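Spelled out from the first residue to the last, the chains are:
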Amino acid sequence: MGTKILVIGANGQLGSVLTKELQKKYTMENVIASDIKKSDDCKGIFEVIDATDINRIQEVVERYGITQIYHLAAILSAKGEETPLTTWDINMKTLFNVLEVSRKNRIDRVFFPSSIAVFGEGAPLENTPDDAYLNPATVYGISKAAGENWAQYYFLRYGLDVRSIRYPGVIGYQSLPGGGTTDYAVDIYHKAVMGEEFDCFLKEDATLPMIFMDDAIRATIELMEAPKESITVRTSYNIAGISFSPQEVVNEIRKLYPDFEVKYNPDFRQEIAARWPKSIEDASAKKDWGWKPEFNLKEITEIMIQKLQEKYKKGSKNKEILLL
Ligand code: SER
């Protein structure tokens, strides 16, 4: 039986780009995109799935004979703090539904995204290793730390092949993030290209691990395609791209837009960022499945600006409409 992939959360920042890449690799008919609402952008097969409804996931898995699931739906770090218990319910319920359907239907492989948000006080801030102490301070981070352990539990107890990456902040021109602490690093490029001043919710020296979208997508597919025997980390792999602060992005952007203005008004998201690593160590991902990032800040900045200039030239000034 060939590979049939279900992507849950296919309208999201990562999901929308990952779905297109999987469609290219595995053909349109072998990738089923799904999200809570229909997307006008998605070219291939799309099913509306509310992932809190296990019966609906089961129905789609059966209908298409799904063999792999990428479960990307979650409420992120900043948004999650508005309604802690709802965030916990949604993030955990959807994960348990995916794990249970996968176990019962003998799904070959499951992808569960984790995050640098699993770290907090007690872990080294620089070059944080995979096995550093996990002490998350956001509901999102707690749900990801718990999720990693559940992923490992399903592997150990049932042999379900769940694989996971702890993503840094993801920066891409293709889609918009929503509700994260690292979102500023996407928004800042939009403001620069639109000729607007940027109001930064982090301090200028708030260094965080980040990764370019293309690297993040490649990492995900490389991990999912790696031979089972090479996967030694069953909680979640750290992957590093680059690390930078708002001030460093601003300096790069000013090389292309010298008059770009920025104001710093740190809010509660600064508190979240302050507990996260500044850089992470990814030796296991390198060793086990050959992970290697390709894009540095200069390259990311040049590509982001060029691609967003093309988009804004073509479309309206409304970035929400533009990116859909
Ligand atoms: N980018 C995410 C966030 O800020 C971290 O996983 O919530």
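In case you missed it, the structure is sitting above this.
Residues numbered from 1 in each chain as written. Predicted model: local features only at pLDDT ≥ 70, side-chain atom pairs only at ≥ 80, totals over all residues. Heavy atoms only, no water.

Engineer: Any chance you could explain unusual backbone geometry here in plain terms?
Structural biologist: Phi angles above zero are rare outside glycine, and Arg106 is one such case at about 50 degrees. Note that Arg106 resides in the loop between helix H4 (84–104) and strand E5 (109–115). With a relative accessible area of 73%, Arg106 lands in the exposed category. (Helix = DSSP H or I, 4+ residues; strand = E, 2+ residues; numbered from the N terminus. Buried < 20%, exposed > 50% of the residue type's maximum accessible area, 1.4 Å probe, protein only.)

Engineer: Would you mind showing me how to read the packing of helix H1 (residues 13–26) against helix H7 (residues 213–225) here?
Structural biologist: For any two helices packed against each other, the geometry is given by the interaxial angle and the distance between the axes. Orientation of H1 relative to H7, taken along the N-to-C sense of each, is 55 degrees, at an axis distance of 10 Å. By the angle between their axes, H1 is oblique relative to H7. Of the two elements, H1 crosses H7, and the hand of that crossing is right-handed. On H7, the residues that touch Gln13, Leu14, Val17, Leu18, Glu21, Leu22, Lys25 and Tyr26 of H1 are Met213, Ala216, Ile217, Thr220, Ile221 and Glu225. Looking at the contact of H1 with H7 residue by residue, the classes come out as nine nonpolar, two polar and three charged. (Axes fitted to C-alpha atoms, helices over the stretch in contact; angles between N-to-C directions. Parallel < 35°, antiparallel > 145°, perpendicular 65-115°, else oblique. Left-handed = near helix turned anticlockwise from the far one by under 90°. Contact = heavy atoms within 4.5 Å. Nonpolar A, V, L, I, M, F, W, Y, C, P; charged D, E, K, R; others polar.)

Engineer: Looking at this structure, how should I read the pattern of salt bridges?
Structural biologist: When the charged atoms of two side chains with opposite charge come close together, those side chains can pair. Following the criterion strictly, the structure yields 25 salt bridges and no others. For Arg56, the salt bridge is made with Glu59, and the minimal N-O distance between the two is 2.6 Å. Taken together, the residues Arg56 and Glu59, both in helix H2 (residues 54–64) and three residues apart, mark about one turn of the helix. Using a relative accessible area of 17% as the deciding quantity, one classes Arg56 as buried. Ionic pairing is found between Asp267 and Arg269, a salt bridge with its closest N-O pair at 2.6 Å. Judged by its relative accessible area of 21%, Arg269 is partly exposed. Each of Glu47, Arg56, Glu59 and Arg63 takes part in salt bridges that share partners, so that together they form one network. (Salt bridge = Lys/Arg side-chain N within 4 Å of Asp/Glu carboxyl O.)

Engineer: So what exactly am I meant to see when it comes to empty space enclosed by the protein here?
Structural biologist: To find the voids left in a structure, one rolls a probe of water-molecule size over its atoms. Under the defined criterion, the tally for this structure stands at one cavity of 30 Å³ or more. If you add up the space inside the largest cavity, you get close to 50 Å³. Taken together, His71, Ala73, Ala74, Asn91, Met92, Leu95, Phe112, Ser143, Lys144 and Gly147 make up the full set of residues lining the largest cavity. When contributions to the lining of the largest cavity are tallied by element, the ones reaching two or more residues are H4 and helix H5 (139–158). Of the residues that constitute the lining of the largest cavity, the class distribution is five nonpolar, four polar and one charged. (1 Å grid on protein atoms, 1.4 Å probe; cavity = no way out; pocket = protein on both sides within 12 Å on 5 of 7 lines; lining within 4 Å. Points joined across faces, edges and corners; volume = space filled by probe spheres on them.)

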